[in-house]
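For reference, the chains in residue letters:
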Amino acid sequence: MNFITDRENSAAELYDMATEASVNAYAPFSGFKVGAALLDENGRIFTGVNIENSSFGATICAERTAFVKAISEGSRRFTAIAVAAESQEAIPCGICRQFMFEFSPDILIITGENRRELNIRTLEELLPIGFRLQEGRQ
Ligand code: ZN
């Protein structure tokens, strides 16, 4: 998958993977099933779903699920993430924007109501001034 030479088709393919993943979402409270497909700089793809919890604060979004899976498998830099929901465009929430900013401030965010009407935005458009500690302070 190459976003430089074939961006539109690649975006649609990634969006399809997000849609397929959304089937596994656990959303008994909102009924809003979301899937995500995250592409890392080496071409690996990680999917994620939203997972709700009876203790609402323990809920995690599809985007962060995909990131957690990828980071725990050793990926650190990402090219694009597609987010898909069944009935409407799913835009990453503020927590997910900040979460993504930590690893890839220039990641492309692919959303849309369906694969034929995709919106591709940079994270910088969605989060113009993200927070980041200076590196090397751990
Ligand atoms: Zn979120």
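These numbers come from a predicted model, not from an experiment. (Residues numbered from 1 in each chain as written. Predicted model: local features only at pLDDT ≥ 70, side-chain atom pairs only at ≥ 80, totals over all residues. Heavy atoms only, no water.)

1. Some details on the sheet that holds strand 5 (residues 118–122)
Basically, it comes down to this: Strand pairing is assigned whenever DSSP detects at least two bridges linking the two strands. For helices the rule is a DSSP run of H or I covering at least 4 residues; for strands it is a run of E covering at least 2, with both sets numbered from the N terminus onward. Every axis corresponds to a line fitted to the C-alpha atoms, with the helix fit spanning only the stretch in contact, and the corresponding angles, defined between N-to-C directions, vary from 0 to 180 degrees. Here a residue-residue contact requires only that any non-hydrogen atoms of the pair lie within 4.5 Å.
Within the open sheet, the 5 strands sit side by side as 2-1-3-4-5. Their pairing is mixed. Of all strands in the sheet, those bounded by a partner on one side alone are strand 2 (45–49) and strand 5. The average undirected angle you get between the axes of adjacent strands in this sheet is 20°. Two elements, strand 1 (residues 34–40) and strand 3 (residues 78–85), share 7 bridges in a ladder whose sense is antiparallel. Bridge pairing in strand 3 links Leu39 to Ala80. Contacts between helix 2 (residues 62–72) and the sheet are confined to strand 1, strand 2 and strand 3, with strand 2 contributing the most and set at about 140° to the helix.

2. Some words on the coordination of the zinc ion
Rules: We call an atom a donor if it is N, O or S and sits within 2.8 Å of the metal, or 3.2 Å for Na, K and Ca. Water is not counted, so some sites may look partial. The classification of residues rests on relative accessible area computed with a 1.4 Å probe and restricted to protein chains. Under 20% of the type maximum is buried, over 50% is exposed, and intermediate values are partly exposed.
All of the protein donors around the zinc ion are Cys61 (SG), Cys93 (SG) and Cys96 (SG); their distances to the metal are 2.2 to 2.4 Å. Residue Cys93 is classed as partly exposed on the basis of its relative accessible area of 30%.

3. Regarding the packing of aromatic side chains
When we look at a pair of aromatic rings, we describe it by the centre distance and by the angle of the planes. Inclusion rule: Pairing of aromatic side chains requires ring centres within 6.5 Å, counting the rings of Phe and Tyr and the six-membered ring of Trp. Pairs whose planes differ by under 30 degrees are stacked, by over 60 edge-to-face, and all others tilted.
Under the defined criterion, the tally for this structure stands at 5 aromatic pairs. The interplanar angle of 55° and the centroid separation of 5.6 Å between the aromatic rings of Phe29 and Phe56 together place this pair among those described as tilted. With Phe29 in the loop between helix 1 (7–21) and strand 1 and Phe56 in the loop between strand 2 and helix 2, this residue pair connects regions lying 27 residues apart in the sequence. Exposure remark for Phe29: the relative accessible area of 43% places this residue in the partly exposed category. Where Phe67 meets Phe99, the ring centres are 6.1 Å apart and the plane angle is 85°; that geometry is what we call edge-to-face. With Phe67 in helix 2 and Phe99 in helix 3 (residues 94–103), the pair connects residues that are 32 residues apart, well separated along the chain. Taking the relative accessible area as the measure of exposure, Phe67 reaches 0% and is therefore buried. Residue classification places Phe99 among the partly exposed positions, given a relative accessible area of 28%. Clustering of aromatic rings is evident, with ring pairs tying together Phe67, Phe78, Phe99 and Phe103.

4. Side note on the environment of Leu133
Considering the arrangement of structural elements, one finds Leu133 in the segment after helix 4 (123–126). When the C-alpha positions of Leu133 and Glu41 are compared, they lie 23 Å apart, and in sequence the two are 92 residues distant.

5. Regarding the pattern of salt bridges
Should their charged atoms come close, side chains of opposite charge can pair. Selection criterion: By salt bridge we mean one thing: a side-chain nitrogen of Lys or Arg within 4 Å of a carboxyl oxygen of Asp or Glu.
A complete count under the given rule lists 3 salt bridges for this structure. The shortest N-O distance in the salt bridge between Asp106 and Arg77 comes to 3.4 Å. Of this pair, Asp106 sits in the loop between helix 3 and strand 4 (108–112) while Arg77 sits in the loop between helix 2 and strand 3; the two residues are 29 residues apart in sequence, bridging distant segments of the chain. Here Asp106 falls in the partly exposed class, since its relative accessible area comes to 47%. Of the charged contacts, one joins Glu89 and Arg121 as a salt bridge, the two residues approaching to 3.6 Å between their closest N and O atoms. In this pair, Glu89 is assigned in the loop between strand 3 and helix 3 and Arg121 in strand 5, connecting sequence segments 32 residues apart.

6. Section: helix 3
Selection rule: As used here, the arc is the angular range of directions from the helix axis to the C-beta atoms.
Within helix 3, burial applies to Cys96, Arg97, Met100, Phe101 and Phe103. Viewed end-on, helix 3 has its buried residues packed into an arc of 160°, placing them on one side of the element. Where helix 3 is buried, its residues touch helix 2, strand 3, strand 4 and helix 4.

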